[in-house]
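Given next are the chains, with one letter for each unit.
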Amino acid sequence: MKRKKEREREKGLQEAEDVMEWLGERTRMGGERVRVLFLLLLMPLPTVLGWGKEGHYVTCKIAQGYLSEDALFAVKQLLPDSAEGDLAAVCSWADEVRFNYHYRWSSALHYVDTPDFKCNYEYCRDCHDSSKHKHRCVTGGIYNYTMQLKTAEAGPSSELNYNLTEALLFLSHFVGDVHQPLHVGFIGDLGGNSITVRWFRRKTNLHHVWDNMIIQSALKTFYDSNLSIMIQAIQRNITDNWSNDVSIWEHCAHNSTTCPNRYASESISLACKFAYKNATPGSTLEDGYFLSRLPIVEKRLAQGGVRLAAILNHIFAYKTRTAQA
């Protein structure tokens with residue numbers, strides 16, 4: 001048993017090294033991060049419970065902090081009164097309505113599946129629903145609601161009657177979804193939903209681990225169960241450790257407003273390298289898996305927030321650019 005635990009810790013350290021390399025923080029943060037991570041790998045962790053809205057709340061809260069003055073004004077004009085001007089407060093709306101009879105059509109827009117063990121994403125091959133209807137996936141949803149908001153901003157002459165509040169809420173949610181690696185997972189296991197695992201002592205599935213349990217464990221272990229503290233820590237990373245990367249995250253080829261195909265390609269790559277790795281059916285995921293995957297989850301939350309802000313800034317700068325022209 002002792003040897004087994006030692007092997008698990010060694011494996012966890014190697015996975016942590018892999019994650020550090022992906023994050024590009026080794027030279028910026030020095031050896032202290034690795035030493036701290038080593039100590040954390042030795043810590044026992046409690047059983048954790050699931051959550052519902054934290055990940056999307058974090059993404060939208062980060063995004064609102066990066067909105068331009070014009071975009072912030074436009075977003076607040078579109079938000080329902082119940083949000084009280086806070087996009088994060090309604091960032092999970094798309095999940096709340098997806099099982100409502102009138103919104104069942106939206107369920108396929110939360111994810112995109114790739115062929116099993118194909119660690120790449122192709123829009124033409126992959127973006128369809130279970131009935132093979134094209135463009136019905138998370139990347140198709142992002143393109144659609146971006147277009148709706150841009151069309152409305154172009155001027156009142158459009159004959160199309162879009163619900164712009166819903167367009168904003170769907171877009172904000174789907175940008176978060178596409179940054180979760182297992183929302184771009186394999187079709188055979190439904191993005192990890194059919195892979196039964198244990199998260200410490202709790203029986204669950206791999207998709208739920210990435211949707212919920214990694215963040216919930218992080219909140220309890222490192223952030224005093226306070227989501228605001230977690231958000232502040234991610235914001236500091238954006239400002240300090242990832243500041244040189246932000247412009248790269250925001251950029252889309254050809255000055256496009258959004259580039260969800262790129263976001264999806266990143267996610268399936270991360271799913272293969274980290275989410276699926278060492279998470280076979282029936283396995284127990286503990287310290288090594290949690291601590292080596294948490295930095296990836298936090299960086300994807302940061303990327304989703306920064307990119308959502310960039311998309312909205314691009315959309316709601318349209319009238320300004322037109323007036324200047």
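Look up: the structure comes first, before these words.
Here is a short report on the structure shown in this document. On a predicted model such as this, the values are computed, not experimentally measured, just so you know.

**Let's talk about the pattern of salt bridges**
Move 1: One pass over the full model with this rule turns up 9 salt bridges.
Move 2: Between Lys61 and Asp86 there is a salt bridge, and its shortest N-O distance comes to 3.3 Å. Within this pair, whereas Lys61 is found in helix H4 (residues 54–65), its partner Asp86 is found in the loop between helix H5 (69–78) and helix H6 (93–97), the two being separated by 25 residues in sequence.
Move 3: What makes Asp86 buried here is its relative accessible area of 16%.
Move 4: Glu266 is paired through a salt bridge with Arg307; the nearest N and O atoms lie 2.8 Å apart. Here the residue Glu266 occupies a position in helix H13 (residues 260–275), and Arg307 occupies one in helix H14 (residues 287–315), the gap between them amounting to 41 residues.
Move 5: Via salt bridges that share partners, Arg262, Glu266, Arg300 and Arg307 belong to a single interconnected network.

**Overview of the packing of aromatic side chains**
Move 1: This model, assessed by the stated rule, comprises 18 aromatic pairs.
Move 2: Taken together, a centroid distance of 6.5 Å and an interplanar angle of 55° make the contact between Tyr103 and Phe170 tilted. Of the two residues, Tyr103 sits in the loop between H6 and helix H7 (123–126) while Phe170 sits in helix H9 (residues 164–178), which places them 67 residues apart along the sequence. The residues Tyr103 and Phe170 share a single accessibility class, namely buried.
Move 3: Through a chain of ring-to-ring contacts, three or more aromatic side chains come together here, namely Trp199, Phe200, Trp210, Phe222, Tyr223, Tyr289 and Phe290.
Move 4: Above the face of the Tyr289 ring, Arg293 is positioned so that its terminal group lies 4.1 Å from the ring centre.

**Structural notes on the state of the cysteines**
Move 1: Inspection of the entire model under this criterion finds 4 disulfides.
Move 2: Each disulfide pairs two cysteine sulfurs, and for Cys119 the partner residue is Cys272, the sulfurs being separated by 2.1 Å. Here Cys119 and Cys272 share a disulfide; its torsion about the S-S bond, -100°, makes the bridge left-handed. Residue Cys119 is located in the loop between H6 and H7, and its partner Cys272 is located in helix H13; the two are separated by 153 residues in the primary sequence.
Move 3: On the basis of relative accessible area, Cys272 is assigned to the buried category, the value being 19%.

**Quick notes on the sheet that holds strand S2 (residues 202–205)**
Each strand in a sheet pairs with another by means of backbone hydrogen bonds, the pair being arranged parallel or else antiparallel.
Move 1: The sheet built from 3 strands is open, its strands ordered S2-S1-S3 with mixed pairing. Bordering the open sheet on either side are S2 and strand S3 (284–285), each of which pairs with just one other strand.
Move 2: Running over the sheet, helix H10 (residues 206–222) touches strand S1 (196–199), S2 and S3 and is turned about 125° from S2.

Quick notes on the rules
- Within each chain, residues carry numbers counting from 1 in the order of the written sequence.
- Owing to the predicted nature of the model, reporting of local features is limited to residues with pLDDT of at least 70; listing and counting of side-chain atom pairs is limited to 80 or more, with chain, interface and lining totals taken over all residues.
- Side-chain numbers come from the whole structure's heavy atoms, not from hydrogens or water.
- By convention in these notes, a salt bridge is any Lys or Arg side-chain nitrogen within 4 Å of a carboxyl oxygen on Asp or Glu.
- Runs of E in the DSSP output that reach at least two residues are strands. Runs of H or I that reach at least four are helices, and both are numbered from the N terminus.
- Each residue's exposure class comes from its accessible area (1.4 Å probe, protein chains only) as a fraction of the maximum for that residue type: buried when under 20%, exposed when over 50%, partly exposed otherwise.
- Aromatic contacts are taken between Phe, Tyr and Trp rings whose centres are within 6.5 Å, Trp giving its six-membered ring; a plane angle under 30 degrees counts as stacked, one over 60 as edge-to-face, and the others as tilted.
- Remark: a charge is flagged as sitting over a ring if the NZ atom of Lys or the CZ atom of Arg is within 6 Å of the ring centre and within 35 degrees of the ring normal.
- Disulfide: a pair of cysteine sulfur atoms within 2.5 Å of each other.
- Only strands joined by at least two bridges in the DSSP assignment are considered to pair.
- Pairs of residues are marked as contacts when any of their non-hydrogen atoms sit within 4.5 Å.
- Here an axis means a line fitted to C-alpha atoms, over the contact stretch when the element is a helix, while the angle between two N-to-C directions is reported on a 0 to 180 degree scale.

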